[in-house]
Amino acid sequence: MSGVVIDFPRAITTETRRDEADVLEKDAENFLNREIKKRGGLSRKWQSQQQTGVPDRIIVMPGNKIYFVEMKRITGKLSSRQISEITKLRSMGATVSVV
């Protein structure tokens, strides 16, 4: 996400005292939520009942900046449906990050 820099693996592993490969997705989401809030933004869980593969989070930052974030464990992989949805969002000019 341009303009928002957060060092996820190092910060989360330091905070929870885990190896990077052992970081849980929920730990990363909790960390993201706290960091976005510190910066004056909103982080909302996105769960679509009609569409599979949507990113996990919608981030709204001051200055009308909107980001989509897909959270993955270090060893996690995107599904083909997630790749398709991320590609569609990016083709429409959306900023989508996988962290």
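To keep things clear, this report deals only with the structure shown in the data block. Treat the numbers as computed from the prediction; the structure is a model and nothing was measured. (Residues numbered from 1 in each chain as written. Predicted model: local features only at pLDDT ≥ 70, side-chain atom pairs only at ≥ 80, totals over all residues. Heavy atoms only, no water.)

## Looking at the environment of Gln51
The line we're drawing: Working definition: helices are DSSP H or I runs of at least four residues, strands are E runs of at least two. Numbering for both runs from the N terminus. For each residue, the accessible area found with a 1.4 Å probe, counting protein chains only, is set against the maximum for its type, and the residue is called buried under 20%, exposed over 50%, and partly exposed in between. Throughout, a contact is declared for two residues whenever any of their heavy atoms are within 4.5 Å. Here a polar contact means two N or O atoms within 3.5 Å. Within protein one must be a hydrogen donor candidate and the other an acceptor candidate, and residues neighboring in sequence count only if both atoms are side-chain atoms.
In this fold, Gln51 is placed in the loop between strand E1 (42-45) and strand E2 (57-61). On the basis of relative accessibility, which here comes to 29%, the residue Gln51 falls in the partly exposed class. Put simply, Gln51 and Glu85 are 34 residues apart on the chain and 9.2 Å apart in space, counted from C-alpha to C-alpha. If we skip the residues at most four places from it in the chain, Gln51 touches Arg81 and Glu85. A polar contact is formed between the side chain of Gln51 and the side chain of Glu85, at a distance of 3.3 Å.

## Quick word on helix H2 (residues 25-38)
Rule in force here: By definition here, a helix of n residues has an expected span of 1.5 Å times n minus one.
Helix length check: H2, at 14 residues, gives a terminal C-alpha distance of 20 Å against a target of 20 Å (1.5 Å per residue), a fit within 8%. Those residues of H2 not exposed but buried are Asp27, Ala28, Glu29, Phe31, Leu32, Glu35 and Ile36.

## Some details on the environment of Gly40
By secondary structure assignment, the location of Gly40 is in the loop between H2 and E1. By relative accessible area, Gly40 is classed as exposed at 52%. In sequence terms Gly40 and Met61 are 21 residues apart; their C-alpha atoms lie 6.7 Å from each other.

## A closer look at the pattern of salt bridges
Rules: Take a side-chain nitrogen of Lys or Arg and a carboxyl oxygen of Asp or Glu: if they are within 4 Å of each other, that pair is a salt bridge.
Enumeration according to the criterion identifies six salt bridges in this entry. Where Glu35 meets Lys38, a salt bridge forms, and the shortest distance between an N and an O atom there is 2.9 Å. Pair noted here: Glu35 and Lys38 are both in helix H2, with a separation of three residues, about one helical turn. The buried category is assigned to Glu35, whose relative accessible area is 11%. Between Glu35 and Arg39 there is a salt bridge; the shortest N-O distance is 2.8 Å. Of the residues examined, Arg39 reaches a relative accessible area of 35% and is grouped as partly exposed. One continuous salt-bridge network, built from bridges that share partners, spans Glu29, Lys45 and Arg57.

Everything listed here is a matter of coordinates, which is why it stays silent on function.
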